[in-house]
Amino acid sequence: MVGGSFRDPSGFLFTWNKKLYRQVNKIYQKDYDHLLTSGLYQKLITSHLLIPHLEVDTEPAQPSIAYKVIEPERLSFISYPYEWSFSQLKDAAMLTLKIQ
């Protein structure tokens, strides 16, 4: 399991063969399915507001609680909110409000 990912009850990140995956847990099944079937996921991807993922057949890290395993598109550069300037934090907040 990727450190820091354990706080989310709906799933977590893990690596296998140098690839990054996210396990979507059964507790999040209804919400995950709704995201995909509502059209919101595709709209956010098309608008470049969300990083796309692929559903894969990779073995879950914790099969007893797993619903799906997804492979997110890798980012070339990772930054964290504590590294961001005020304007970057503001942009992130505005994007969150726009999606809501």
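Everything below is about the structure shown above.
Residues numbered from 1 in each chain as written. Predicted model: local features only at pLDDT ≥ 70, side-chain atom pairs only at ≥ 80, totals over all residues. Heavy atoms only, no water.

1. Section: the overall build of the protein chain
Secondary structure summary: the protein chain contains three helices and four strands in total. In the protein chain, the succession of helices and strands from N to C terminus is β-β-α-α-β-β-α. The principal-axis extent of the C-alpha atoms belonging to the protein chain is close to 40 × 30 × 25 Å. Here the contacts in the protein chain between residues at least 6 apart in sequence split such that 42% fall between residues at least 24 apart. Carbon and sulfur atoms provide 58% of the accessible area of the protein chain, an area that totals close to 7800 Å². (Helix = DSSP H or I, 4+ residues; strand = E, 2+ residues; numbered from the N terminus. Contact = heavy atoms within 4.5 Å. Areas by Shrake-Rupley, 256 points an atom, 1.4 Å probe, with all protein chains shown as cover.)

2. A closer look at the pattern of salt bridges
One pass over the structure, following the stated rule, counts two salt bridges. The salt bridge partner of Asp-8 is Arg-22, with a shortest N-O separation of 2.6 Å. Within this pair, whereas Asp-8 is found in the segment before strand 1 (11–16), its partner Arg-22 is found in strand 2 (residues 19–25), the two being separated by 14 residues in sequence. According to the relative accessible area criterion, Asp-8 is partly exposed, its value standing at 30%. As a salt-bridge pair, Glu-55 and Lys-68 come within 3.1 Å of each other at their nearest N and O atoms. Here Glu-55 is found in strand 3 (residues 53–56), whereas its partner Lys-68 is found in strand 4 (residues 66–72), with 13 residues between them in sequence. (Salt bridge = Lys/Arg side-chain N within 4 Å of Asp/Glu carboxyl O. Buried < 20%, exposed > 50% of the residue type's maximum accessible area, 1.4 Å probe, protein only.)

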